[in-house]
Amino acid sequence: MALTTAPGATRRPGRPAPPPRQTAARRAGLGRKVRDNLTGHTFLIGAVACFAVFSWYPMVRGVVMSFQRTRRGETTWVGWDNYTRIMADPSFWTAWKNTFVFTGLALVLGYAVPFFVAILLNELRHAKGYLRVLVYLPVMLPPASALFLFKFYAYDPSEAGLFNAVLTALGLPTSEWMQSPTMTMPAMVLASTWMNMGGAVLIYLAALQNIPGELYEAAEIDGAGVWRRIVHVTIPQTRLILALLAMLQIVATMQLFIEPLILANGAGTQDSATSVAYLIYQHGFFQNDLNGAAALGVIMLVVLAGFSAVYVRLTARQD
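All values reported here derive from a predicted model rather than from experimental measurement. (Residues numbered from 1 in each chain as written. Predicted model: local features only at pLDDT ≥ 70, side-chain atom pairs only at ≥ 80, totals over all residues. Heavy atoms only, no water.)

Even after reading the chapter, I still don't get the overall build of the protein chain, so can you show me in this structure?
Along the backbone of the protein chain there are 14 helices and two strands. Counting over 319 residues, the protein chain shows a buried share of 32%. The long-range share in the protein chain, meaning contacts at least 24 apart out of those at least 6 apart in sequence, stands at 64%. Carbon and sulfur atoms make up 66% of the accessible area of the protein chain, which totals about 20,500 Å². (Helix = DSSP H or I, 4+ residues; strand = E, 2+ residues; numbered from the N terminus. Buried < 20%, exposed > 50% of the residue type's maximum accessible area, 1.4 Å probe, protein only. Contact = heavy atoms within 4.5 Å. Areas by Shrake-Rupley, 256 points an atom, 1.4 Å probe, with all protein chains shown as cover.)

Shown next, in the form of structure tokens:
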């Protein structure tokens with residue numbers, strides 16, 4: 001039976017079928033994309049699973065525990081009781097004061113020293129590789145070993161200690177270092193800076209080597225000295241790296257733990273070394289108060305998240 005078309009109507013021809021070779025090529029490309037995506041997602045699933053098990057779940061579990069109380073195997077919801085109980089402890093405010101003091105001193109010493117050491121190494125013409133290894137060497141030492149070295153060799157309160165021997169040779173009065181409430185924080189900042197500055201120095205060196213040399217030549221032609229070149233060329237060109245490492249420095253120093261644990265045997269003289277992280281350790285492992293430790297951890301998480309939010313807001317405005 002023949003098909004007829006109504007008068008005035010146009011007949012649209014159907015789309016021709018693609019050649020068999022083109023169809024096979026499309027199918028092969030689609031299969032290749034599926035295999036590539038499957039491989040990538042397989043690796044991604046492993047990383048997400050590790051984060052979920054070892055990072056996200058403990059964080060969520062800690063938040064839940066901070067609103068609970070466990071006694072003799074029975075868990076009950078207590079709301080904000082753990083937070084009010086922790087804040088009523090005088091050690092809570094002492095720990096926060098010590099932590100902020102340590103962070104402030106670390107920003108003055110531990111943040112500035114690596115930057116100027118990197119500038120010095122960048123300006124040297126000879127033995128660059130040897131000096132870089134020498135600066136990075138403390139980072140390769142286990143932190144506990146480095147701190148025990150400071151405790152029993154450098155900070156020995158007798159004249160046999162390294163720092164006291166230097167002070168005696170210069171005719172200056174010696175110090176009790178970790179036994180002195182006023183010297184505890186500066187001593188811990190000095191040891192922490194020595195241990196951790198190598199990584200920051202290498203990052204700064206990489207940033208400094210990306211600064212165009214024409215900028216320094218133009219500054220020298222204008223009569224700028226070393227300090228003016230640092231202020232007007234080096235610092236503006238490394239602004240993003242400086243801001244990033246400042247944020248990382250704050251986050252790392254706010255989690256002060258191993259320095260007071262080893263150098264000051266925990267709390268230190270007159271609680272001069274008690275930090276928030278060490279107070280969490282005390283509540284969790286000495287007082288068997290896991291719920292109070294969880295509440296302290298949540299408070300620290302909120303404080304660090306606040307610092308991070310301020311950093312993101314400031315950097316977004318600068319960009």
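Next comes the rest of the description.
Help me understand the packing of aromatic side chains, please; the structure alone is not making it clear to me.
Think of a pair of aromatic rings as described by two things: how far the centres are apart, and how the planes are tilted against each other in angle. A complete count under the given rule lists 21 aromatic pairs for this structure. Between Phe51 and Trp56, the ring centres sit 5.9 Å apart and the planes meet at 25°, which makes this aromatic pair stacked. With a centroid separation of 5.4 Å and an interplanar angle of 80°, the aromatic rings of Tyr281 and Phe286 are classed as edge-to-face. The class for Tyr281 is partly exposed, based on a relative accessible area of 25%. Pairwise contacts between aromatic rings join Phe150, Tyr155, Phe163, Trp177 and Trp194 into one cluster. (Phe/Tyr/Trp six-rings, centres within 6.5 Å; stacked < 30°, edge-to-face > 60°.)

How do you make sense of the side chain of Ser175 when you look at a structure like this?
In this structure, Ser175 sits in the loop between α7 (162–169) and α8 (184–208). Residue Ser175 is classed as buried on the basis of its relative accessible area of 16%. Setting aside its immediate chain neighbours within four residues, Ser175 contacts Pro157, Asn164, Leu167 and Met183.

Teacher, can you tell me more about the pattern of salt bridges here?
Inspection of every chain in the model, using the stated rule, returns one salt bridge. Between Arg85 and Asp289 there is a salt bridge; the shortest N-O distance is 2.8 Å. Taken together, the positions of Arg85 in helix α2 (residues 81–87) and Asp289 in the loop between α13 (276–286) and α14 (290–318) put the pair 204 residues apart, joining distant regions of the chain. Residue classification places Arg85 among the partly exposed positions, given a relative accessible area of 34%. For Asp289, a relative accessible area of 13% puts it in the buried group. (Salt bridge = Lys/Arg side-chain N within 4 Å of Asp/Glu carboxyl O.)

Any chance you could explain the nonpolar core here in plain terms?
Within soluble globular proteins, side chains that are nonpolar generally end up buried alongside one another. Counting residues in each nonpolar core, the largest one holds 21 residues, and the members touching the most others are Tyr111, Ala118, Val201 and Tyr204. Within the residue set of this core, elements represented by two or more residues are α4 (112–123), α8, α9 (213–221), α10 (226–237) and α11 (239–254). Among the elements that make up this core, the one with the highest residue count is α8 (six residues). Non-local contacts of Tyr204, meaning those with residues more than four positions away in its chain, are made with Tyr111, Pro114, Phe115, Ala118, Ile241, Leu242 and Leu245. (Core = buried A, V, L, I, M, F, W, Y, C linked by side-chain atoms within 4.5 Å.)

Explain the UniProt feature "transmembrane region" (unreviewed entry) in the protein chain to me, please; I cannot follow it from the model alone.
In the numbering used here, UniProt assigns the feature "transmembrane region" (unreviewed entry) to residues 38–57, 100–121, 133–154, 187–207, 238–258 and 293–314. Between the C-alpha atoms that bound residues 38–57 the distance is 26 Å, and the span itself is 100% helix and 0% strand. A distance of 31 Å separates the end C-alpha atoms of residues 100–121, which is 95% helix and 0% strand. (UniProt positions renumbered as here; feature names shortened; annotations may be inferred.)

Even after reading the chapter, I still don't get unusual backbone geometry, so can you show me in this structure?
Peptide bonds are mostly trans, and most non-glycine residues show a negative phi. The backbone phi angle of Trp177 is positive, close to 55°, even though this residue is not glycine. With a relative accessible area of 10%, Trp177 lands in the buried category. With a phi close to 55°, Asn288 is a non-glycine residue in the positive phi region. As for its position among the elements, Asn288 is in the loop between α13 and α14. Its relative accessible area of 64% is what places Asn288 among the exposed residues.

What's the story with the packing of α4 against α10 in this structure? I'm lost.
Between two packed helices, what matters for the description is the angle formed by their axes and the separation of those axes. Interaxial distance between α4 and α10 falls to 13 Å at its minimum, and their mutual angle equals 105°. By the angle between their axes, α4 is roughly perpendicular relative to α10. Of the residues in α10, those touching α4 at Phe115, Phe116 and Ile119 are Trp227, Ile230, Thr234 and Ile235. Grouping the amino acids of the contact of α4 with α10 by side-chain chemistry returns six nonpolar, one polar and no charged. (Axes fitted to C-alpha atoms, helices over the stretch in contact; angles between N-to-C directions. Parallel < 35°, antiparallel > 145°, perpendicular 65-115°, else oblique. Nonpolar A, V, L, I, M, F, W, Y, C, P; charged D, E, K, R; others polar.)

What is the right way to read the pairing of strand β2 (residues 74–77) from this model?
Each regular strand displays side chains that alternate between the two surfaces of the sheet. Judged from the four bridges that link them, strand β1 (residues 68–71) and β2 form a sheet pairing that is antiparallel. Of the residues in β2, the one forming a bridge with Gln68 is Trp77. Linking two consecutive strands that pair antiparallel, namely β1 and β2, is a turn of two residues; a positive phi of about 55° is found at Arg72 within it. (Pairing = 2+ DSSP bridges.)

Explain the packing of helix α3 (residues 90–110) against α4 here, please?
The N-to-C vectors of α3 and α4 enclose an angle of 10°; their axes lie 4 Å apart at closest approach. Classed by the angle they form, the pair α3 and α4 counts as roughly parallel. Contacts from Leu107, Val108, Leu109 and Gly110 in α3 reach Ala112, Val113 and Pro114 in α4. Here the contact of α3 with α4 is composed, by residue class, of six nonpolar, one polar and no charged.

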